[in-house]
Amino acid sequence: MFRSTGSGLLVARIAWASLLRRRTRTVLVVLMIAMSLWGLLFMQGLYEGMYEQMIDNAIRSGSGHLTIYAKGYRLEPDIKKLITNIEEVARFLAKDQRVASVVSRINQEALAATANYSRNAKVLGVELGAEQKHGRLADYLRQGELAFGPKARGAVVGSGLAKKLKISLGHKLVLSAQATDNEVSAIALKVRGIIKTNNLAIDDGAVFIDQAKAAEFLGIGAGVTQVCVILHSEEEMVPLQQALRQKFTDLEVFRWDELYPALMQSRVMMEGFSYVTYLLVFAVAALGIFGVILVSILERIREFGIMLAIGTEFALIRKIVLFESFIIGFLGYLSGSLLGGLTLNYFRVHGLDLTAFSEGLDAFGLDAIMYSIIKPDYFVTAFLAVLLATILSVIFPLRVLKKARPIEAITKL
Amino acid sequence: MMVAAIAWRNIRANKKRSIVTVALISLTTALLVYSSAFMDGSHNKMIQAAVEIYPGYLQITQRDFRDNPSYDNLILDTGALHRLVEKTAGVAAHGARFETFVLYAAREKAVGAMLTGIEPEPEKLLSRLHSSLVKGRYLTKDDTNALYMGVELAKRLKVDVGDTLSFIGNGADYSFAADRVEVVGLFKTGLFDFDGGATFLNKPYFDQMMASTDLATHYVVLPRQPAAVEELAAGLRQQLSRDYRAESWRQTMGGLVEAMEVDSIFGYITLGIIFIVIFFVIMIYTLLTVFSRIREIGILRAIGTTPGQVLAMLLGESMILSLLSVCLGGLIGGALAYYFYLNPMEFPSYEEQFKQYGLAVTSMPCAFEPLTILRDMAIMFLLSLLSGLYPIVKVNRYQPVEAMHHV
Amino acid sequence: MRLFMVIMLLFLLPPQAGAAITAAEIIKKVEDNLNGETARLAIAMTVKTSRTQRTVRLESFSIGTDKSFIRIAYPKKDEGITFLKVDKQMWQYVPRIEKIIKIPASMMQQSWMGSDFSNDDLIKESSISKDYDANLLGEDGSGFSLELIPHPEAPVVWGKIIMGVSRSSFLPTEVDYFDEEGVLVRTLYYREVQRFAGRLYPSLWVMEPKTPDKAGHQTIVRVEAAEFDQPIDPEYFTKRALKRFSK
């Protein structure tokens, strides 16, 4: 007991002293680890932030985690294919603990016209209050307010559509669409808000109107075309989908990744890409640590020989070497994580402004200002990577040391 | 010469260090060369695909057509334009298109789609319509009511090769245009929107229907050298009347070009991170070897070698090593790039994603540009020299006696 | 006949300060004068653009504003094309392809046969009295000037309409359509009032877009023959009619 604590302290002191003696290279290795971690954290947080933003936009403004349609609606959208048992569905979802929020929508293709222009558009009959809680639409609002105003005569319009129609707040918009009786129905609306979600399907065509108004306009007696569900945790998506499918056999239930397969692929591709980069960087970093440790062992081979000769166990020497590399790794990890964390936090709050490329980013449904994210497991991954790199880079030098028979080395020059 | 000889001797004397350094720098160089070749190659391919599938490298349109694509803004004399482009140097192919929107009657439902009159022969070179044929045949210059349509649209309309279809639309004189056409061929470019909404007719026949003889919405020009498209556009602009504009794909597809730039920026950020760590590793290795020779350096100084000579010797070593590694790495990276330039990598599982973004690409070749490879090699050479500089300068600051006693 | 009586009555009663006619009354009269119970018209429509000019002759049958049937008689190429509008649906038959096509909602804003009228103009019951509030802006010896402001919920794209109405015929003379910014978008002129089978009716309509992107456009409608309030075979307003009356 005494021995081990005593040797523990001793090990730390010896290791620290030898690191201080070779200050330049210690600092270089620490700097190397810190800088590569910094870069990796920055990259991971920013890239993931970018893709999560994209997915989040699509989930909040579009599909939710789960989307429910009437049978056959997805393949051939038609306002006669309605979810008529909406109350039953709502009741079922309301008592499920996994569900965070539910909204229902009435969707129909329409023509939006002003005195000068007309464009194809998509009517979304929504309940604004629920929608606001569901997708925090207010965050997407660029101009005006999220309200349909007195007698629900207002509309909230996607930014791309507003631009094409050259309309702004207060302008009148006439929507024409085919109603359930096959006649072309038309209503006049005032633009009260303009939103930009970076979900192109919404931005370039959506006209949000009051759900009751939409039902009246399209001649829908009861029912909606779409129910979107957001869950507390993405993990619950599949079980709930199963449950819904079993309970409501006349409805179709889709997960967001089934509706937007490209987004899911982006995420998978991004993760793979991050890991490959991590691997590459830490393989190189391990090489750096390895070189330093190897040289420092070879330089001290006589020192170690003397220690062994006076009865020190090899295990202690191994501990010293391991401790040295651990200190280096840990210092690098600490400074790198701190630097990376602070940088990520800066970009999490302020975002990276890429407005200069907004046309290109728009084409990909990306926000012009990218906000990074910080996840605790970044630092766990980083720690494991550093630990692995330091341990791996020590194994070989230790074997070299053992083979070199340090005691014999004393007699050498 | 003397310095070089000594440096070379030292390199051979410190085999381990030399090998590690060479391995490290050459691998890094290979990585950089390959990565930039892959990035450039895939971006070029994506842009190229997007450009070549249909829009073309260079478009001539009426001045206001792009802002307001209506029959009021048409090219009115394709004949004259044809003659003008024909005698312009550096043009590989050119042809007129007349794009219009029609309704196809499928049972009682009307499905809207693009109907374009094309000149089948030059169009073979101007776009990939011809090579995207999947069923039936492409158009000929003598075709009458033969329709070439996208597979997805055919699915939507539930028609196949050999079936007839009716369309109605507006002619260029605003007259009614309606006819029955026979589907003779189906194409699949991979762009969902295009395959699901575009149809083509032989222009002479189309012109009869649409009263559009000598009229066009677009006049598409293929440069002999795609890289020289800007010069060609500038040249055409000078000759064209002010009513027309000639624009290269950089203007007509600005969003895509920007998107690729953003992608490159992210790619270089990632490479930058890898370079930071490699920079440090090289610095560390140089430091280790230089300091392992500190006594040797002390002796050299003691016997009268000037610090300048020592510096020259160490720098010479570093330079030789770097040059060697960079050349080796350039060769490896270049070979990889060349191999993947000839045998593009396939990404079948990402097809869906690319399609969603309008990039009809499943295989990504590398670019093989010797100039870019040399650029990357030069960057790596400077980087490795730079990373060795600090240890070399530092070791040279020691006094000879101090150096000799350094542990 | 009933209309004639009304007009006679107007001439017989001397205008008095207390009995000034209201804007709403003027609109009502104008609408009654333009749309008979039934109408049967022969029309030549000329579409002019900066580049082309084209004339189409057509026959139209209508009951009120809800139902109408149109057959193209000239040019040869388009002869026999028929249109049917019932309530808010519109179909078209093209003999060359022997197909009946329903005009989808997305095509409503498209121009009708290249003219400066849209499908929408034809489909919507342009019921001014229903969709607009009318104010009398002014009057003089020859007529009235009315300002029409759409009701907030009326599904019309215009910001306002200024209509000139002739005092003698209670027919419109000029209708200016403004967008919401108050910019003039198009003007419709009614000219050359003639007596068709006892009824006064403008025989020349000219639609002129005023926006720069439509410079040089003009649509001229000349009413060559007209018959009002005669019974029309209801068979015209069925989908069968599209084919049957095409020939």
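Residues numbered from 1 in each chain as written. Chains lettered and ligands numbered in written order. Predicted model: local features only at pLDDT ≥ 70, side-chain atom pairs only at ≥ 80, totals over all residues. Heavy atoms only, no water.

Here we take up the overall build of chain C. Counting its secondary structure elements, chain C contains 5 helices and 13 strands. Taking as baseline every contact in chain C between residues at least 6 positions apart, the subset at least 24 positions apart corresponds to 43%. With an accessible surface of roughly 11,700 Å², chain C has 54% of that area assigned to carbon and sulfur atoms. (Helix = DSSP H or I, 4+ residues; strand = E, 2+ residues; numbered from the N terminus. Contact = heavy atoms within 4.5 Å. Areas by Shrake-Rupley, 256 points an atom, 1.4 Å probe, with all protein chains shown as cover.)

Close contact between helix α2 (residues 23-63) of chain A and helix α10 (residues 254-292) of chain B brings their axes to 10 Å; oriented N to C, the two are set at 170°. Taken together, the axis directions place α2(A) and α10(B) in an arrangement best described as roughly antiparallel. Residue classes in the contact of α2(A) with α10(B) are distributed as 22 nonpolar, 5 polar and 1 charged. (Axes fitted to C-alpha atoms, helices over the stretch in contact; angles between N-to-C directions. Parallel < 35°, antiparallel > 145°, perpendicular 65-115°, else oblique. Nonpolar A, V, L, I, M, F, W, Y, C, P; charged D, E, K, R; others polar.)

Our focus in this paragraph is the packing of helix α10 (residues 261-299) of chain A against α10(B). Close contact between α10(A) and α10(B) brings their axes to 9 Å; oriented N to C, the two are set at 10°. Relative to α10(B), the element α10(A) is oriented roughly parallel. Listed contacts from α10(B) to Phe273(A), Thr277(A), Leu280(A), Val281(A), Val284(A), Ala285(A), Leu287(A), Gly288(A), Phe290(A), Gly291(A), Val292(A) and Val295(A) of α10(A) are Thr270(B), Ile273(B), Ile274(B), Val277(B), Ile278(B), Val281(B), Ile284(B), Tyr285(B) and Leu288(B). Split by residue class, the contact of α10(A) with α10(B) holds 17 nonpolar, 4 polar and no charged.

Moving on, we get to the interface of chain C and chain A. Note on interface size: it is often stated as the accessible area lost on association of the parts. With 22 residues of chain C at the interface, the matching set in chain A holds 23 residues. Across the chain C/chain A interface, buried area totals approximately 1,900 Å², and carbon plus sulfur atoms make up 53% of it. One can count 2 salt bridges joining chain C with chain A. When the shortest N-O distance is used, the salt bridge between Glu180(C) and Lys190(A) registers 3.5 Å. (Buried area = accessible area lost by both parts, 1.4 Å probe. Salt bridge = Lys/Arg side-chain N within 4 Å of Asp/Glu carboxyl O.)

Next up on the list: helix α2 (residues 15-53) of chain B. The periodicity of an α-helix, 3.6 residues per turn, causes residues three or four positions apart to be oriented the same way. Given a rise of 1.5 Å per residue, 39 residues ought to cover 57 Å, and the 55 Å separating the end C-alpha atoms of α2(B) matches this to within 8%. Judged by how many residues are buried, α2(B) sits mostly within the fold: 28 of 39 residues are covered. (Expected span 1.5 Å × (residues − 1). Buried < 20%, exposed > 50% of the residue type's maximum accessible area, 1.4 Å probe, protein only.)

Here the focus is the domain arrangement of chain A. Residues and elements named next belong to chain A. Segmenting chain A into domains produces domain 1 (2-58 + 263-411) and domain 2 (72-249). Contacts between domain 1 and domain 2 engage 9 residues on the former and 8 residues on the latter. Applying the counting rule to domain 1 against domain 2 returns 0 salt bridges. For the pair domain 1 and domain 2, the interface holds 2 residue pairs in polar contact (both at pLDDT 80 or more). Of all the secondary structure elements, the ones that give two or more residues to the side of domain 1 that touches domain 2 are α2 and α13 (358-363). The element contributing the most residues to the side of domain 1 that touches domain 2 is α2, with 3 residues. Taken together, the residues of the side of domain 1 that touches domain 2 break down into 3 nonpolar, 2 polar and 4 charged. (Domains from an automatic or database assignment. Polar contact = N/O pair within 3.5 Å; in protein donor to acceptor, adjacent residues only side chain to side chain.)

What follows deals with the interface of chain A and chain B. Listed by partner, the interface residues are 45 residues for chain A and 36 residues for chain B. Of the roughly 3,500 Å² buried at the junction of chain A and chain B (both faces included), carbon and sulfur atoms supply 77%. Here chain A and chain B share 0 salt bridges between them. Linking chain A with chain B are 5 residue pairs in polar contact (both at pLDDT 80 or more), by the criterion used here. Secondary-structure elements contributing two or more residues to the side of chain A that touches chain B are α2, α10 and α13 of chain A. When residues of the side of chain A that touches chain B are assigned to their parent elements, the largest contribution, 18 residues, is made by α10(A). Taken together, the residues of the side of chain A that touches chain B sort by class into 32 nonpolar, 10 polar and 3 charged.

Across all of its chains, the model carries 40 aromatic pairs over all chains by this definition. Note on Tyr333(A) and Phe383(A): the rings are 5.0 Å apart at their centroids and 75° apart in plane angle, and the pair reads as edge-to-face. One end of the pair, Tyr333(A), is in helix α12 (residues 314-349); the other, Phe383(A), is in helix α14 (residues 376-403), and 50 residues separate them in sequence. Residue Tyr333(A) is classed as buried on the basis of its relative accessible area of 12%. Owing to a relative accessible area of 28%, Phe383(A) belongs among the partly exposed residues under this scheme. Centroid distance Tyr339(B) to Phe340(B): 5.1 Å. Interplanar angle 85°. Geometry classified as edge-to-face. (Phe/Tyr/Trp six-rings, centres within 6.5 Å; stacked < 30°, edge-to-face > 60°.)

This part is about the pairing of strand β8 (residues 198-202) of chain B. Burial within β8(B) is extensive, with 5 of its 5 residues counted as buried. Side-chain alternation along β8(B) places Ala198(B), Phe200(B) and Asn202(B) on one buried face and Thr199(B) and Leu201(B) on a second face that is also buried.

A few words on the pattern of salt bridges. All names here are of chain C. Evaluation of the coordinates by the stated rule reveals 42 salt bridges over all chains. Of the charged contacts in the structure, one is a salt bridge between Arg191 and Glu174, with a shortest N-O distance of 3.9 Å. Highlighted residues: Arg191 in strand β11 (residues 184-196) and Glu174 in strand β10 (residues 172-178), separated in sequence by 17 residues. Judged by relative accessible area, Glu174 falls into the partly exposed class, the value being 28%. Measuring nitrogen to oxygen at the nearest pair gives 3.1 Å for the salt bridge that ties Arg240 to Glu235. Of the residues examined, Arg240 reaches a relative accessible area of 55% and is grouped as exposed.

This next bit is on helix α11 (residues 301-309) of chain A. All names here are of chain A. Among the residues of α11, Ile301, Phe304, Gly305, Met307 and Leu308 are the ones counted as buried. Taken down its axis, α11 places every buried residue within 165° of arc, on the same side. Residue Gly311 follows α11 closely and has a positive phi angle near 105°. (Arc of directions from axis to C-beta.)

What follows deals with the confidence of the model for chain A. In regions of low pLDDT, the predicted coordinates are not meant to be interpreted in detail. All names here are of chain A. Across chain A, pLDDT averages 84, with 96% of residues at or above 70. When pLDDT is averaged over each element of chain A, strand β8 (residues 206-210) comes out on top at 92 and helix α15 (residues 406-411) at the bottom at 69. In this model residues 1-6 is a low-confidence stretch, pLDDT under 50, and it forms 1 contact with partners more than four residues away in sequence or in other chains. (pLDDT = per-residue confidence, 0-100.)

All names here are of chain C. Of the strand pairs in this sheet, strand β2 (residues 53-63) and strand β3 (residues 67-74) are connected by 7 bridges, and their pairing is antiparallel. Of the residues in β3, the one forming a bridge with Phe61 is Phe69. Between β2 and β3, which pair antiparallel one after the other, the connecting turn spans 3 residues, and Gly64 there sits at a positive phi close to 55°. Alignment of β3 against strand β4 (residues 82-86), held across 5 bridges, turns out to be antiparallel. What sits directly across from Phe69, in β4, is Leu84. (Pairing = 2+ DSSP bridges.)

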